[in-house]
Amino acid sequence: MTSSLLPTYARAKVSFERGEGAWLIARDGSRYLDFGAGIAVNSVGHGHPHLVAALTEQAQKVWHVSNLFEVPEAERLAQRLVEASFADVVFFANSGAEANEACIKMARKYHAAGGHPERYRIVTFEGAFHGRTLATIAAGGQQKYIDGFGPKVDGFDQVPFGDLEALKAAITPETAALMIEPIQGEGGLRVVSHEWLRTLRALCDEHGLLLIMDEVQTGIGRTGKLFAHEWSGVTPDILSSAKGIGGGFPMGACLATREAARGMVVGSHGTTFGGNPLAMAVGNAVLDIVLAPGFLEQVRQTGLLLKQRLAALKDRHPDIVDEIRGEGLMMGLRLVVPNTEFAAAARDEHLLVIPAGDNVVRLLPPLIIGEGEVAAALDKLEAACAAMETRGRRAAE
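Note on numbering: residues in each chain are counted from 1, in written sequence order. Where local features are concerned, this predicted model is filtered to residues with pLDDT of at least 70; where side-chain atom pairs are given and counted, the filter is 80 or more; whole-chain, interface and lining totals use all residues. Here the side-chain values reflect all heavy atoms present in the structure, with hydrogen atoms and water set aside.

## Focus on the UniProt feature "modified residue: N6-(pyridoxal phosphate)lysine" (unreviewed entry) in the protein chain
Stated formally: UniProt positions are given in the numbering used here, feature names are shortened, and annotations may be inferred rather than shown by experiment. Whether two residues touch is decided by their heavy atoms; if any such pair falls within 4.5 Å, the residues are in contact.
In the numbering used here, UniProt assigns the "modified residue: N6-(pyridoxal phosphate)lysine" (unreviewed entry) feature to Lys243. When sequence neighbours within four positions are dropped, the list of residues in contact with lysine 243 reads Ile39, Ala40, Val41, Val216, Gln217 and Met251.

## Observations regarding the layout of surface pockets
Note the following rule: Buriedness of a pocket was judged along seven lines, with at least five required to meet protein on both sides within 12 Å; pockets are open sets of points on a 1 Å grid over the protein atoms alone, cavities are sets where a 1.4 Å probe fits but cannot get out, and lining residues have an atom within 4 Å of a point. Grid points are joined across faces, edges and corners, and a volume is the space filled by probe spheres set on the points. Secondary structure elements follow DSSP: runs of H or I of four or more residues count as helices, runs of E of two or more count as strands, with numbering from the N terminus. Note that Gly is not counted as nonpolar here; it falls among the polar residues with everything else outside the nonpolar set of Ala, Val, Leu, Ile, Met, Phe, Trp, Tyr, Cys and Pro and the charged set of Asp, Glu, Lys and Arg.
Quantified by volume, the second largest pocket comes out at close to 820 Å³. Lining the second largest pocket we find 28 residues, and of these Asn67, Val90, Phe91, Phe92 and His269 sit closest to its centre. It is strand β4 (residues 89–93) that contributes the most residues to the lining of the second largest pocket, four residues altogether. A class-by-class count of the residues in the lining of the second largest pocket yields 16 nonpolar, eight polar and four charged.

## Some remarks on the sheet that holds β4
To be explicit about the condition: A pair of strands is labelled paired if DSSP reports no fewer than 2 bridges between them. Lines fitted to C-alpha atoms define the axes, with helix axes restricted to the stretch in contact, and inter-axis angles between N-to-C directions lie between 0 and 180 degrees.
Within the open sheet, the seven strands sit side by side as β4-β12-β11-β10-β7-β5-β6. Their pairing is mixed. Looking at which strands have only one partner, the edges of the open sheet turn out to be β4 and β6 (156–159). Across the sheet, the mean angle from the axis of one strand to that of its neighbour is 20 degrees, orientation sign disregarded. Bridge count between strand β5 (residues 121–125) and β6: four bridges; the pairing is parallel. The partner of valine 123 across the bridge, within β6, is aspartate 157.

## Describing empty space enclosed by the protein
In this approach the atoms are scanned with a rolling probe the size of a water molecule, which exposes any empty space left behind. For the coordinates displayed, the defined rule picks out three cavities of 30 Å³ or more. Roughly 40 Å³ of internal volume is contained in the largest cavity. As for the largest cavity, its lining consists of Ala40, Ser43, Val216, Gln217, Gly219, Ile220, Arg222, Lys243, Gly244 and Leu367. Class assignment of the residues belonging to the lining of the largest cavity gives a composition of four nonpolar, four polar and two charged.

## Things to note about the packing of helix α2 (residues 49–59) against helix α9 (residues 277–290)
Heads up, the condition is: Should an angle fall under 35 degrees it is taken as roughly parallel, and over 145 as roughly antiparallel, whereas 65 to 115 is taken as roughly perpendicular and any remaining angle as oblique. Handedness of a crossing follows from how the near helix is turned relative to the far one, being left-handed for an anticlockwise turn of less than a right angle and right-handed for a clockwise one.
The interhelical angle for the contact between α2 and α9, taken along N-to-C directions, is 155 degrees, at an axis separation of 9 Å. Taken together, the axes of α2 and α9 lie roughly antiparallel to each other. With respect to the hand of their crossing, α2 and α9 are arranged in right-handed fashion. Of α9, the residues touching α2 (which contributes His50, Leu51, Ala54, Leu55, Gln58 and Ala59) are Pro277, Leu278, Ala281, Val282, Ala285, Val286, Asp288 and Ile289. Tallied by class, residues from the contact of α2 with α9 come to 11 nonpolar, two polar and one charged.

Below, the structure is given as structure tokens:
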């Protein structure tokens, strides 16, 4: 039967009816170890009782009132994010793309409010991914996402990843901000060095620019800190968060210093659903878990174990795995074989991984995994590597 869904996705021929922790159960009863987590979304796994209870309790009260009225759970979540981060204020949205739109508008409005509306351009970096709206595909700059959607939205200048001279040349009197992911997720798990982030901060300070961190994929504990930029000691002016912050419920947030947000006054930006009571209840439940004593330390320890096991896997299968990338529980395998074929081979072993750019597959498990899930994942990756090697030998015969 022909699907009534718009055919914009190449979906795998498997569907899931329930989940338990790091595992998904398909409709035929088979179990899959989920090292994709819905693309870094299910931060505390599937069916977490604390999240289920928070959502159920709120659903029995009120679902939606709009931002014409106060939402106590939103006030509470914003305060907790402020207390745990660099930020002074928070704007809630529904997705990473919407959070990035708020960041972009905030940076432009900051300069306009300061008497310099000509400063609207934002410098981004090749390989970036900031969302699928017209503005965020322009910010990402990847032609495959821009083609066919008319003229590219003006105001974004891409420079090569890590090219200081190109970056300096791109900064003009019209530049408002620099925007970067601490680790490029879609771009292939490319980790930005601490030195490079410090360089960006210094350039922003020198030229009166704002530094925007896109932490949609890296935030909410994914690398073992609440936000990945904390590892470098660099403080952004504006930050986007989504994915893991809702633990599976659609949610995004734009965090900022009060100074960076000076132009965002009443009526300057808005959303119908952002900050709704359901999302806020779940977001607070996620923070209850992620900010609990010892949780992020456990993520760091598990991430180190995973990295060590992956390094050994690479040594055993050099014709399959070329490089290990990433930090914490945001890891990637740069492959010798096509990444889509490897993802399919892993799925045949009932392990879910996520393809990315630069021929990488991402391993983005729920943050609640431990040594047992790491061991199970490595067994399945070992089997996938062996299957790919066997396929390669047969093709060569």
